[in-house]
Amino acid sequence: MEERTIETAILGGGCFWCTEAVYLETRGVTKVESGYMGGHTENPTYEQVCSGTSGHAEVVRVEFDPAQISYRDILEIFFTIHDPTTLNRQGNDVGTQYRSVIFTTSPEQEATARQVMGEMAHVWTAPLVTEIQPQQKWYRAEDYHQDYFRQHPLQGYCAFVVAPKLSKFRQTFASRVKDAG
């Protein structure tokens, strides 16, 4: 049996509950974890990240099979499901922890990210503020943040913020949604 190659994308597009929910439903994605990256505090807690004092962004680590979905496709979804034109903000979520950021794992990923961002700049009417940086130390978020939307679909934030983003993904990228089952 041939061993599959799995690649990783690390993306920050606001609250990780939203981003995680979308990629968990994306065909070719094998695993999604919520976590923190890009700060200066060792082993930050959610409270430290939310206070803005740790410097970390809320991010998701997306593992995917490049034979089923490309890094470019992962990024095109990313630039569609969040607003990359608002600095340190997504909707009512405000702070550096909600910044739009791509942490790259290789020079090839950086080149692809810059290319896709350049193309997406023509889609948005305002300038893109997404940061592109080499990956830094990964901190997995607390267990209760993992698979949050599936566990709490009726929680207020999930119902009014996550669900509409997930719906937009399902409509815009219908061919990329995993088969139910």
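Everything below is about the structure shown above.
Everything quoted here is computed from the prediction, not taken from an experiment.

Student: Looking at this model, I keep getting lost on the packing of aromatic side chains. Mind explaining?
Tutor: Any aromatic ring pair is given by two values, namely how distant the centres are and how the planes are angled relative to each other. One pass over the full model with this rule turns up 5 aromatic pairs. Aromatic ring contacts, followed pair by pair, group Phe16, Tyr36 and Tyr46 into a single cluster.

Student: How should I be thinking about the nonpolar core in this particular structure?
Tutor: One broad rule of soluble globular proteins: the nonpolar side chains tend to lie buried together. With 44 residues, the main nonpolar core has Leu11, Tyr23, Ile74 and Ile102 as its most contacted residues. In this structure, Tyr23 is in contact with Leu11, Val29, Val32, Val60, Val62, Ile74, Ile77, Phe78 and Ile81, ignoring residues within four places of it in sequence. Among the nonpolar cores identified, the runner-up in size contains 7 residues, and Ile10, Met37, Ala57 and Trp138 belong to it.

Student: Hey, could you run me through the pairing of strand β2 (residues 29-37) in this one?
Tutor: The side chains of a regular strand alternate between both faces of the sheet. Across the 9 residues that make up β2, a large majority, 7, are buried. Summarising the sheet, β2 and strand β3 (residues 57-64) pair through 8 bridges and their orientation is antiparallel. Bridging across to β3, Met37 finds its partner in Ala57. Direction of pairing for β2 relative to strand β8 (residues 139-140): antiparallel, over a ladder of 2 bridges. Bridge pairing in β8 links Gly35 to Arg140.

Student: How should I be thinking about helix α4 (residues 107-120) in this particular structure?
Tutor: Note that an α-helix has 3.6 residues per turn; residues three or four places apart therefore point the same way. With 14 residues, α4 ought to run about 20 Å at 1.5 Å a step, and its terminal C-alpha atoms sit 20 Å apart, in line with that. Looking at α4, one finds that the buried residues are Gln109, Ala113, Val116, Met117 and Met120. The buried residues of α4 all sit within an arc of 100° when viewed along its axis, so they share a single face. Pointing more than 90 degrees away from the buried face of α4 are the exposed residues Pro107 and Glu108. Tucked inside the fold, the buried residues of α4 contact β1 (7-13), α3 (71-81), β6 (100-104) and β7 (131-134).

Student: What's the story with the pattern of salt bridges in this structure? I'm lost.
Tutor: It is possible for side chains of opposite charge to pair when their charged atoms get near one another. As enumerated under the stated definition, the model contains 12 salt bridges in all. Among the salt bridges present, the one from Glu25 reaches Arg170, with a minimum N-O distance of 2.5 Å. Taken together, the positions of Glu25 in the loop between α1 (16-24) and β2 and Arg170 in helix α6 (residues 156-172) put the pair 145 residues apart, joining distant regions of the chain. The class of Glu25 is buried, set by a relative accessible area of 17%. Here Arg176 makes a salt bridge to Asp73, at a shortest N to O gap of 2.7 Å. Taken together, the residues Arg176 in the segment after α6 and Asp73 in helix α3 connect sequence positions 103 residues apart. The class of Asp73 is buried, set by a relative accessible area of 17%.

The rules behind each value
- Residues numbered from 1 in each chain as written.
- Predicted model: local features only at pLDDT ≥ 70, side-chain atom pairs only at ≥ 80, totals over all residues.
- Heavy atoms only, no water.
- Phe/Tyr/Trp six-rings, centres within 6.5 Å; stacked < 30°, edge-to-face > 60°.
- Core = buried A, V, L, I, M, F, W, Y, C linked by side-chain atoms within 4.5 Å.
- Buried < 20%, exposed > 50% of the residue type's maximum accessible area, 1.4 Å probe, protein only.
- Contact = heavy atoms within 4.5 Å.
- Helix = DSSP H or I, 4+ residues; strand = E, 2+ residues; numbered from the N terminus.
- Pairing = 2+ DSSP bridges.
- Expected span 1.5 Å × (residues − 1).
- Arc of directions from axis to C-beta.
- Salt bridge = Lys/Arg side-chain N within 4 Å of Asp/Glu carboxyl O.

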